[in-house]
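# Summary of structural features
As a plain string of letters, each chain reads:
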Amino acid sequence: SDPAAYAFWNETNVRPHKKSGLVTVTIRVPEADLRPAELRAVAAIARRFAGGIRLTIEQDIVLRHVRGTALPLLYAALVEAGLAANCADHLADVTRCSGADGCLSAITYSRGAAQDITRTLGQDLIADPVLRPLRIRVSGCQNACSHHHAADIGLFGLSKTVHGRPVPHYALLLGGAAQGGVSGLRAGEVPARNVGAAVREALLFYRAERQEEEPFADFVRRVTPASFVQRLAPLAAVPPPEEAPDFYRDLSADDAFKVTAKRGECAA
């Protein structure tokens, strides 16, 4: 494996245990989806290298009690399984709820939104040391199953009527934090088709205008959410359906968007 890639992975995915001398290894689960072959690979890796395994609230997998000397072989096994992504608990590790794929309460397909955000961020933002520690969480409705209110950038799905037709949108909540129970401040809504571009623009705004060492939450409160609304205004516009029919379909959906009354909560 590439030594540079392994070093960066080791920096972002491995945490030492202060007392035991062992380490924990976080395996990033892209968009919270694993195929059966990947699950079998994780099980085999855990049996070989770890003394325990658990899931995290960020939808990742943690291998516990791993010997530091085993990290190169563990990394090689994760590379072979296609699970050696080096950004667990960082910007590109987007947390999402099940969305309309599996939840009867959801309004939007949060899986498609998470994929669009990850694609649109770009390596220039993902690798930026200022932005890398920020967290993004996406919910398919206001119920906050992804804890979007407690993220640096949180989003939840909603429907808005534009040009006489329902259009899937996401509301932005900025500057939230899990520690201290700080909720993000609402900074407008954008159509689902522009959700990735809106997240990228918000991050670029912070990177360009932040004061030295200014945390994202402090920046949001200093410039006010209204500044983000103004900055994102071009991305909030929805063209007429005859000009841009994609805006009237949700991300990862083939049919026209609509909100229907549903019974129950979980499709399972």
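Residues numbered from 1 in each chain as written. Predicted model: local features only at pLDDT ≥ 70, side-chain atom pairs only at ≥ 80, totals over all residues. Heavy atoms only, no water.

A word on the sheet that holds strand β1 (residues 14-16). Read from one edge to the other, the open sheet built from four strands follows the order β1-β2-β4-β3, with strand pairing classed as antiparallel. For this open sheet the edge positions go to β1 and β3 (52-55), each flanked by a neighbour on one side alone. Across the sheet, the mean angle from the axis of one strand to that of its neighbour is 20°, orientation sign disregarded. Two elements, β3 and strand β4 (residues 61-66), share four bridges in a ladder whose sense is antiparallel. Looking across to β4, one finds that G52 is bridged to R64. Each of β3 and β4 is contacted by helix α2 (residues 36-49), which is oriented at about 15° to β4, the strand it contacts most. Relative to strand β2 (residues 23-27), helix α3 (residues 71-81) is tilted by about 10°, and along the sheet it contacts β1, β2 and β4. (Pairing = 2+ DSSP bridges. Helix = DSSP H or I, 4+ residues; strand = E, 2+ residues; numbered from the N terminus. Axes fitted to C-alpha atoms, helices over the stretch in contact; angles between N-to-C directions. Contact = heavy atoms within 4.5 Å.)

Counted by the stated rule, this structure contains 16 salt bridges. Note that R111 is salt-bridged to D33, the shortest N-O span being 2.5 Å. Remark: D33 occurs in the loop between β2 and α2 and R111 occurs in helix α4 (residues 110-121); sequence separation between them is 78 residues. Judged by its relative accessible area of 29%, D33 is partly exposed. R186 is the partner of E189 in a salt bridge, and the nearest nitrogen-oxygen pair spans 2.9 Å. A single network of salt bridges, built from pairs that share partners, joins R15, E58, D89, R135 and R137. (Salt bridge = Lys/Arg side-chain N within 4 Å of Asp/Glu carboxyl O. Buried < 20%, exposed > 50% of the residue type's maximum accessible area, 1.4 Å probe, protein only.)

Moving on to the packing of α2 against α3. Running from N to C, α2 and α3 point in directions that differ by 170°, and their axes come no closer than 10 Å. By the angle class used here, α2 and α3 are roughly antiparallel. Two secondary-structure elements touch here, α2 through E38, A41, I45, R48 and F49 and α3 through L73, L74, A77, L78 and A81. Of the residues belonging to the contact of α2 with α3, the class tally is eight nonpolar, no polar and two charged. (Parallel < 35°, antiparallel > 145°, perpendicular 65-115°, else oblique. Nonpolar A, V, L, I, M, F, W, Y, C, P; charged D, E, K, R; others polar.)

So yeah, pure geometry; function would need other evidence.
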